[in-house]
Amino acid sequence: MTDLDDTDRAILRALVEDAQQGAGALGRALGLSQPATWRRIRRLRAQGVIAGQRLVLDQAALGFGVTVFLGVTLATKGRVSLEDFERAVSAIPEVQTVQHVLGLYDYRLRVVARDLSDFERVLRRRIMTLPGVGQVDANVLLSEERRPGPL
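Here's what I pulled together on the structure shown here.

The rules behind the values
Residues numbered from 1 in each chain as written. Predicted model: local features only at pLDDT ≥ 70, side-chain atom pairs only at ≥ 80, totals over all residues. Heavy atoms only, no water. Pairing = 2+ DSSP bridges. Helix = DSSP H or I, 4+ residues; strand = E, 2+ residues; numbered from the N terminus. Axes fitted to C-alpha atoms, helices over the stretch in contact; angles between N-to-C directions. Parallel < 35°, antiparallel > 145°, perpendicular 65-115°, else oblique. Contact = heavy atoms within 4.5 Å. Nonpolar A, V, L, I, M, F, W, Y, C, P; charged D, E, K, R; others polar. Salt bridge = Lys/Arg side-chain N within 4 Å of Asp/Glu carboxyl O. Buried < 20%, exposed > 50% of the residue type's maximum accessible area, 1.4 Å probe, protein only. Arc of directions from axis to C-beta. Patch = residues over 30% accessible without salt bridge, like charges linked within 9 Å, V, L, I, M, F, W, Y side chains within 5 Å. Areas by Shrake-Rupley, 256 points an atom, 1.4 Å probe, with all protein chains shown as cover. Core = buried A, V, L, I, M, F, W, Y, C linked by side-chain atoms within 4.5 Å.

What to know about the sheet that holds strand 3 (residues 107-113)
Read across the open sheet, the four strands follow the order 2-3-1-4; overall the sheet is antiparallel. The open sheet is flanked by strand 2 (95-100) and strand 4 (133-140), the only strands paired with a single partner. Taking the axes of each pair of neighbouring strands and ignoring which way they run, one obtains an average angle of 20 degrees across the sheet. When strand 1 (residues 66-74) meets strand 3, the two strands line up antiparallel, connected through seven bridges.

Here it is as structure tokens:
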């Protein structure tokens, strides 16, 4: 675990809001010089606290109006079937996340589709034909009130 001070936390909060802002602007907002801010950001990256940056796309604007969470239980369990399933499901572009979980299901998937008929096509032709798939439970996302934010 990395020791973070209040300034480090303020930098992280600001970068979560807008990861593209420069060290100069960020430093001015926090009362730091540009070089001091840059050194802190570089240290946070080196320590693995900042693991990368992501571009967030508007799925609806790109024509993907449906998000479905799938709980997948594998019919056969074993190391080989887990690896085969993970490799195959990760190759499906509509599957946005693959989470190996403990509980009712073996995996939780986040799947995007243009509409419900498109989702049905992805489910029938791509997901249900994956190696080891047993039972699948679907939950359609109606709204998302809070997106993941700073810790």
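Concerning the packing of helix 1 (residues 6-17) against helix 3 (residues 34-46)
One way to put it is that helix 1 packs onto helix 3 with a least axis distance of 11 Å and a crossing angle of 85 degrees. One element, helix 1, and the other, helix 3, form an angle in the roughly perpendicular class. Each of T7, D8, I11, L12 and L15 in helix 1 lies in contact with helix 3, whose residues at this interface are T37, R40, I41, R43 and L44. In terms of residue class, the contact of helix 1 with helix 3 is made up of five nonpolar, two polar and three charged.

Overview of the pattern of salt bridges
Two side chains that carry opposite charge are able to pair once their charged atoms sit near each other. With the rule as written, the count across this model stands at ten salt bridges. As a salt-bridge pair, R40 and D8 come within 2.8 Å of each other at their nearest N and O atoms. One end of the pair, R40, is in helix 3; the other, D8, is in helix 1, and 32 residues separate them in sequence. Overall, the relative accessible area of 2% leaves D8 in the buried class.

A few points about helix 5 (residues 116-127)
All buried positions along helix 5 are accounted for by D118, F119, V122, L123 and I127. Looking straight down helix 5, one finds that the buried residues subtend no more than 140 degrees of arc, so they occupy a single side. Pointing more than 90 degrees away from the buried face of helix 5 are the exposed residues R124 and R125. Those residues of helix 5 hidden inside the fold are in contact with strand 1, strand 2, strand 3 and strand 4.

Looking at a nonpolar patch on the surface
On the surface, a cluster of nonpolar side chains totalling about 350 Å² of accessible area is made up of L55, L57 and L62. Positionally, L55 belongs in the loop between helix 3 and strand 1. Of the residues examined, L55 reaches a relative accessible area of 69% and is grouped as exposed.

Examining the nonpolar core
Of all hydrophobic cores here, the largest spans 20 residues; its most connected members are L70, V72, F85, L109, V111 and I127. Contributions of two or more residues to this core are made by strand 1, helix 4 (79-90), strand 3 and helix 5. Looking at this core, the element that brings in the most residues is strand 1, giving five residues. Apart from residues no more than four positions distant in its own chain, F85 is found in contact with V72, L74, Y107, L130, P131 and V133. In this structure, A14, A23, L26 and L44 belong to the second largest nonpolar core, which totals nine residues.

Some details on the environment of L123
Following the sequence through the fold, L123 ends up in helix 5. Separated by 77 residues in the primary sequence, L123 and A46 place their C-alpha atoms 41 Å from one another. Those residues in contact with L123 that lie beyond four places of it in its chain are L70, M128 and V136.

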